[in-house]
Amino acid sequence: MKGPIVSIDVSKGKSDYQAFKNLNVKYTGSRSIKHTKEGFDEIVNLVKEMEKKLETEVCVVYEATGVYHRVLKKVLEDNNIKQFIINPLLSAKTRKNDSLRSPKTDKLDPKSIAKTYYSHSLHNSHKPETIYHELRELSRYYEDILVHIRKDKVAFIAQLDIVFPGYDALYDDLYGPSL
């Protein structure tokens, strides 16, 4: 991968970030922000400033960190900023390949995330289309209904067995077409 990036190590309540023009050329040093409107505005303003100065698109790269990165993802989507989400295992592997002892500190993590971005082919994160969200919801609803139907079927058979004992011996296929 090429081009300028803002690399972010997302944690609970705060994040450390560093901007790069390319792999070995820093744009800013390592900095920290709190997960507040002002903190996220700092990231957005940095990206816009870099795009203006460097005259090219800047993307934001960060690790998937459970629920902690979701606010950042939403802020970037709202501001139409291109983003890449990296698997933490991939960046850990990159960090461990750099040296025998891989120091893990919040100040060094943005650099290892940037190295992961520049050394691997990644797919950018995109907002899924509404239709896929609706299909997923309908599929979950369908599965839920099937569970209820199965439970009702078992309860019905239990009641039918009480009222008409031996009914299952009269029919080969209880759920097949009726005669």
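See above for the structure.
Residues numbered from 1 in each chain as written. Predicted model: local features only at pLDDT ≥ 70, side-chain atom pairs only at ≥ 80, totals over all residues. Heavy atoms only, no water.

**With respect to the pattern of salt bridges**
Argument step 1. Under the definition given, this model contains 5 salt bridges.
Argument step 2. The salt bridge partner of lysine 37 is aspartate 41, with a shortest N-O separation of 3.0 Å. Taken together, the residues lysine 37 and aspartate 41, both in helix α1 (residues 37–54) and 4 residues apart, mark about one turn of the helix.
Argument step 3. Here glutamate 49 and lysine 53 are joined by a salt bridge, their closest N and O atoms 3.8 Å apart. Of this pair, glutamate 49 and lysine 53 are both found in helix α1, 4 residues apart, which corresponds to roughly one turn of the helix.
Argument step 4. The class of glutamate 49 is partly exposed, set by a relative accessible area of 36%. (Salt bridge = Lys/Arg side-chain N within 4 Å of Asp/Glu carboxyl O. Helix = DSSP H or I, 4+ residues; strand = E, 2+ residues; numbered from the N terminus. Buried < 20%, exposed > 50% of the residue type's maximum accessible area, 1.4 Å probe, protein only.)

**Description of helix α4 (residues 109–119)**
Argument step 1. The buried fraction of α4 is high, at 8 of 11 residues.
Argument step 2. Every buried residue belonging to α4 is among Asp109, Pro110, Ser112, Ile113, Ala114, Thr116, Tyr117 and Tyr118, and all of these are buried.

**A look at the pairing of strand β1 (residues 5–10)**
Argument step 1. Of all 6 residues making up β1, 6 are buried, and the element is well covered by its neighbours.
Argument step 2. The alternating pattern of β1 places Ile5, Ser7 and Asp9 on one face and Val6, Ile8 and Val10 on the opposite face, and all of these are buried.
Argument step 3. Examined bridge by bridge, β1 and strand β2 (residues 14–22) share 6 bridges and lie antiparallel to one another. What sits directly across from isoleucine 8, in β2, is tyrosine 17.
Argument step 4. Linkage of β1 to β2, two consecutive antiparallel strands, is achieved through a turn of 3 residues, within which glycine 13 is found at a positive phi near 85 degrees.
Argument step 5. Where β1 meets strand β5 (residues 59–63), 4 bridges bridge the pair, whose relative direction is parallel. (Pairing = 2+ DSSP bridges.)

Purely spatial values, then, with no claim about function.
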